[in-house]
Amino acid sequence: MKFKLADAANIVDGNIIGDKNITISSLAKIEDAQPGDLTFLYLDSYKKFFTSTKASAILVKHDFIKSRDDITYLEVESPNKAFSKLIKHYFKPEYKLSGIDTAAFIHPDAVVGDNAALGKNVVLSAGCRIGSNVKIFHNTVILENVEIGDNSIIFQNVSIREGSRIGKNVIIHANSVIGSDGFGYDIDENKVFHKIPQIGIVIIEDDVEIGSNVSIDRASIGATVIKRGVKIDNLVQIAHNVIINEDSIVASQAGIAGSSKIGKNCYLLGQAGVAGHIELADNVIMHPQAGTGKSIMKEGSYFGSPAKEIKEAFKLEAHYRNLGNYAERINQLEKLVKELQEKLDRK
Amino acid sequence: MKFKLADAANIVDGNIIGDKNITISSLAKIEDAQPGDLTFLYLDSYKKFFTSTKASAILVKHDFIKSRDDITYLEVESPNKAFSKLIKHYFKPEYKLSGIDTAAFIHPDAVVGDNAALGKNVVLSAGCRIGSNVKIFHNTVILENVEIGDNSIIFQNVSIREGSRIGKNVIIHANSVIGSDGFGYDIDENKVFHKIPQIGIVIIEDDVEIGSNVSIDRASIGATVIKRGVKIDNLVQIAHNVIINEDSIVASQAGIAGSSKIGKNCYLLGQAGVAGHIELADNVIMHPQAGTGKSIMKEGSYFGSPAKEIKEAFKLEAHYRNLGNYAERINQLEKLVKELQEKLDRK
Amino acid sequence: MKFKLADAANIVDGNIIGDKNITISSLAKIEDAQPGDLTFLYLDSYKKFFTSTKASAILVKHDFIKSRDDITYLEVESPNKAFSKLIKHYFKPEYKLSGIDTAAFIHPDAVVGDNAALGKNVVLSAGCRIGSNVKIFHNTVILENVEIGDNSIIFQNVSIREGSRIGKNVIIHANSVIGSDGFGYDIDENKVFHKIPQIGIVIIEDDVEIGSNVSIDRASIGATVIKRGVKIDNLVQIAHNVIINEDSIVASQAGIAGSSKIGKNCYLLGQAGVAGHIELADNVIMHPQAGTGKSIMKEGSYFGSPAKEIKEAFKLEAHYRNLGNYAERINQLEKLVKELQEKLDRK
């Protein structure tokens, strides 16, 4: 896949400084780039690679100091956005699967839309309704009465339990589990746990992406709901009756306990935790490893466990690092006060 | 599935205030309930939904203030327990699977009990012994010499390695892995790791439930043991040679490192961590994200990382939030003491 | 599997004190050992089991006090290493799988090496190249153009996405996912996320072991790289473009965010977290639940979140536990200073 840098400049509305006629053979990270590649400066911390990169061309901001003349510059407003735009333009992900494999098991009472593709050993159970252009990769199991909207892609070894409702343009990566029983028990007088049937479902709305090895439990009653545009990373736990509102992100290994509600445009970063039966307002950012047992009703960034507003958290962390100094000063003060007392008593 | 409220009242030993003749069409959460539904007050924090719920009937405690007269009250001692009881009475989970599918692979040297059900693409290897009424869902793989007791349910895409022994009435949810090799290596003088064969097994006793995407490793030697009645949530790590005693709970994303022993009736809550080669006494509660590298031999609640008794942990957290104040007061004291010194010197 | 203790003594270069003629029937942990077993003292904390162990023989250091005369001692320099050596000598893991199962699906354009074994329902796609003696267990799915080197073992229900390159002597445990899309999006002016195609691959070098339920994402561009000898435990997250250098360890439930580089001989212990776009030097140890958002360029042990050098972290933790005392002393100082002021004013 080759393209002319001049064409790329048109796509990203950029300005070429250098050789306007070069052909790009691939996109690459600045530290890996080879002659023929177009690269970019993603973060300031990558500037150290600029002097040594072998790339033939580089996406930079307009004010970038062009200290090398053996590389062609493509000036744009945002190198990151321009780079994404070029990836989207020139590369289509493979996701190769077509037709209904003869080794797929489709129940006669299931309905499969036009142009859908089902891989080998797929199990599609009674009452399922699969939209048009849906791809379901090999060895994925879908139990009864599941709905999947048009253009959705379900990768291999996924398990979808009965009654789940999945929207359009949804992507579910390999080995994830949708609709397993929630973790709900009664405890008796002997401290023995008894399972409470989990009779609800999971609803995943349009444009949601779900990573690999994710667990999303069905509701105890009602529904666990992942709303439009939510993006979920790998190894995430979504417990029964959780609701995640539109355009929020849940990064890898984060977890949300039962019945909690996450607002719109929230970011739960890696390994963050939200306890059960609480609420996060819209636009709340939980930093990596942050945890909260209380509702957070004010938008903003939160850090630590228990989570605090980030400005306050950073102040406290600075004080914490200073504890040795404080302890020493308390010792010193006690000594001085004692001396003062003695001095005063002597006067 | 409809039932008369009067019948429900008998089941939960409750007292109807209002229309004794209504028929309930479903159970629902208070914020989702529709006309015809029976709902309940699970937590005080849900009281805010009482004035607006569309439910026809509601489970409440005897002393609940009945400020609405367009809803029927069903008074009980514990609305939560009553609600669970009704779910258990009126709803049976589906878990639909019957018969031995022709697309299941059963080794001729495996034994399958009466009325067991095996789904499509299930692999049941030589020497396995499966009890009566067991259900093994599609695409689950069971290696050699695994035993599974009566009435157990193994969902889809589960992997059970050779020699695992699983009791009666066990539930294992989708995509979990039982009996993988423990994480055990020797390190040589060049800091290269060499695998130590993991020759033990996993034993899961009766009445255990295991969530989705769980990893339970086989022992290096001997057995990793999950005792009767233990309930394990999704994405949990149980390392080699761990022992979890009866009726304990391990919530989602918690992890227990190698050779540690968890007592009876313990609760490891979400994302909690227990290091290797230590012990937790009976009745220890590890709060979410709590972590311990030392044995905890005294029952009670523990919070934070490193975990502390909760009362102490909360006191320390309060002091921590106050660090800015303390620092300021140390500054102030230093100023005052200096002034005092100068004053005293002048006298 | 029985062996003579005298033979074992030769293998581990040990010295028998007691019955030189006994036959060992198995190896066992000290607390589980039965007559006929050989056991060992793995940690000092296991010494408490010495007086009661039923083992017939025990591996001990030369200076161990031999207070029992009803047990045979096998003196060695390191009981742990000797025990591992004996396990490796006498026990070969089963990993039973041979031949190409007739229920495996092998694309005609895939190449399979000599003596490779493929289980039931395995899907091996076009362009794959599988080395000699490779074992791929049941229900594992391998998409297009994947390479797997000689002697590697892929357990059941694993998903390997297109283009992944896996070395020799690699082990991948059940239900892990290699090469899923990285978590990469653009955000537009309406705060809606748009997927950036993930066009890179995953490279896993020789002698790597990967636990169960692990997620390793393909690079956005270029490659996510796990270098020779790295060992990864269960439920670990490796994001796109991460590089882990030789002979490092990532323990269970740890996670590494996008584009970060981990040095050689690093240990990321359980539930540790490394944020994106940072670097860890060689020989860095992240303790359990430690987390860092900044590069760590100095070798050593790090503790806590945010992670600090362990000596400093332990000092700060000691101060933290002392906060109640400090607060009380500040109160007391304020009282004393006030008294001094009054006293001084009166003089």
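Residues numbered from 1 in each chain as written. Chains lettered and ligands numbered in written order. Predicted model: local features only at pLDDT ≥ 70, side-chain atom pairs only at ≥ 80, totals over all residues. Heavy atoms only, no water.

Trainee: What's the story with the environment of Leu333(C) in this structure? I'm lost.
Mentor: Inspection of the secondary structure puts Leu333(C) in helix 4 (residues 323-346). Assessed through its relative accessible area of 2%, Leu333(C) is described here as buried. Every residue in contact with Leu333(C), bar those within four places of it in the chain, is listed here: Ile330(A), Leu333(A), Glu334(A), Val337(A) and Leu333(B). (Helix = DSSP H or I, 4+ residues; strand = E, 2+ residues; numbered from the N terminus. Buried < 20%, exposed > 50% of the residue type's maximum accessible area, 1.4 Å probe, protein only. Contact = heavy atoms within 4.5 Å.)

Trainee: Please explain the interface of chain B and chain A as it appears in this structure.
Mentor: Frequently, the measure chosen for interface size is the accessible area that the parts lose on association. Listed per partner, the contact involves 69 residues of chain B and 71 residues of chain A. Across the interface of chain B and chain A, roughly 5700 Å² is buried in total on both sides, 58% from carbon and sulfur atoms. Our count for the contact surface shared by chain B and chain A stands at 6 salt bridges. Between Lys261(A) and Glu31(B) there is a salt bridge, with its nearest N and O atoms 3.8 Å apart. Taken together, chain B and chain A are joined by 34 residue pairs in polar contact (both at pLDDT 80 or more). For the side of chain B that touches chain A, the element with the most residues is helix 4 (residues 323-346) of chain B, which contributes 12 residues. For the side of chain B that touches chain A, the per-class residue count stands at 31 nonpolar, 20 polar and 18 charged. (Buried area = accessible area lost by both parts, 1.4 Å probe. Salt bridge = Lys/Arg side-chain N within 4 Å of Asp/Glu carboxyl O. Polar contact = N/O pair within 3.5 Å; in protein donor to acceptor, adjacent residues only side chain to side chain. Nonpolar A, V, L, I, M, F, W, Y, C, P; charged D, E, K, R; others polar.)

Trainee: Looking at this structure, I do not really get the packing of aromatic side chains. What am I missing?
Mentor: All names here are of chain A. Scanning all chains against the criterion turns up 39 aromatic pairs over all chains. An angle of 40° between the planes, with centres 6.1 Å apart, marks the rings of Tyr46 and Phe49 as tilted. Judged by its relative accessible area of 9%, Tyr46 falls in the buried class. The ring of Phe50 is capped by Arg68, whose NZ or CZ atom sits 5.8 Å from the centre of that ring. (Phe/Tyr/Trp six-rings, centres within 6.5 Å; stacked < 30°, edge-to-face > 60°. Lys NZ or Arg CZ within 6 Å of the ring centre and 35° of its normal.)

Trainee: Before we go on, may I ask you to explain the relation of the copies chain C and chain A in this structure?
Mentor: The operation relating the pair of chain copies consists of a rotation about an axis and a translation along that axis. Rotating chain C by 120° about the axis while translating it 0.0 Å along that axis superimposes it on chain A, leaving an RMSD of 0.1 Å. Both copies of the chain, as the preceding transformation shows, are related through a three-fold rotation axis. (Least-squares fit on C-alpha atoms with pLDDT ≥ 70 in both.)

Trainee: Quick question: what am I supposed to make of the interface of chain C and chain A here?
Mentor: Contacts between the two partners involve 71 residues from chain C, matched on the other side by 69 residues from chain A. Across the chain C/chain A interface, buried area totals approximately 5700 Å², and carbon plus sulfur atoms make up 58% of it. Summed over the three residues of chain C that lose the most area to chain A, namely Phe183(C), Phe193(C) and Ile221(C), the buried surface amounts to 12% of that side. At the junction of chain C with chain A, the criterion picks out 6 salt bridges. Its salt-bridge partner being Lys343(C), residue Asp345(A) comes within 3.3 Å of it at the nearest N-O pair. Elements that contribute at least two residues to the side of chain C that touches chain A include exactly strand 17 (159-160), strand 20 (177-180), strand 21 (185-187), strand 22 (193-195), strand 25 (215-217), helix 3 (310-321) and helix 4 of chain C. For the side of chain C that touches chain A, the leading source of residues is helix 4 of chain C, giving 10 residues. Grouping the amino acids of the side of chain C that touches chain A by side-chain chemistry returns 33 nonpolar, 22 polar and 16 charged.

Trainee: I tried to follow the sheet that holds strand 34 (residues 273-274) of chain B on my own but got confused; where do I start?
Mentor: Strand-to-strand pairing in sheets goes through backbone hydrogen bonds, with the strands running parallel or antiparallel. Residue and element names in this part refer to chain B. Pairing in this open sheet of 10 strands is parallel, and the strands run 8-11-14-17-20-25-28-31-34-37 from one edge to the other. Strands at the two margins of the open sheet, each flanked by one partner only, are strand 8 (105-106) and strand 37 (291-292). Summarising the sheet, strand 17 (residues 159-160) and strand 20 (residues 177-180) pair through 2 bridges and their orientation is parallel. Among the inter-strand pairings, Ile160 is bridged to a residue of strand 20, identified as Ile178. (Pairing = 2+ DSSP bridges.)

Trainee: Help me understand the pattern of salt bridges in this model?
Mentor: Where charged atoms of side chains with opposite charge meet at close range, the side chains can pair. According to the stated counting rule, one finds 51 salt bridges over all chains in the structure shown. Salt-bridge contacts for Arg329(A) lead to Glu334(B); the nearest nitrogen and oxygen are separated by 2.8 Å. Highlighted residues: Arg329(A) in helix 4 (residues 323-346) and Glu334(B) in helix 4, drawn from two different chains. Taken together, the salt bridges that share partners define one network made up of Arg161(A), Glu162(A), Asp181(A), Lys195(A), Arg218(A) and Glu209(B).

Trainee: Got a minute to help me understand helix 2 (residues 79-90) of chain B in this structure?
Mentor: Because each turn of an α-helix spans 3.6 residues, side chains separated by three or four positions end up pointing in the same direction. With 12 residues, helix 2 of chain B extends 16 Å from end C-alpha to end C-alpha; this agrees with the ideal 16 Å at 1.5 Å per step. Inspection of helix 2 of chain B places Pro79(B), Ala82(B), Phe83(B), Ser84(B), Leu86(B), Ile87(B) and Tyr90(B) among the buried residues, and these make up the whole buried set. (Expected span 1.5 Å × (residues − 1).)

Trainee: What is the right way to read the sheet that holds strand 34 (residues 273-274) of chain C from this model?
Mentor: Residues and elements named next belong to chain C. Judged by pairing direction, the sheet is parallel, and its 10 strands sit side by side in the order 8-11-14-17-20-25-28-31-34-37 without closing on themselves. Strand pairing shows two members of the sheet lacking a second neighbour, strand 8 (105-106) and strand 37 (291-292), which therefore form its edges. Taken together, the 2 bridges between strand 14 (residues 141-142) and strand 17 define a ladder with parallel strand orientation. When the bridges of strand 17 are listed, Ile142 appears paired with Ile160.

Trainee: What am I meant to see in the pairing of strand 23 (residues 201-204) of chain B here?
Mentor: Walk down a regular strand and you will see the side chains alternate between the two sheet faces. All names here are of chain B. Side-chain alternation along strand 23 places Ile201 and Ile203 on one buried face and Val202 and Ile204 on a second face that is also buried. Both strand 18 (residues 165-166) and strand 23 contribute to a ladder of 2 bridges, which runs parallel. In the sheet register, Ile166 faces strand 23, and the bridge partner there is Ile204. Relative to strand 26 (residues 223-226), strand 23 is paired through 4 bridges, and the arrangement is parallel. Residue pairing in the sheet places Ile204 in a bridge with Ile226 of strand 26.

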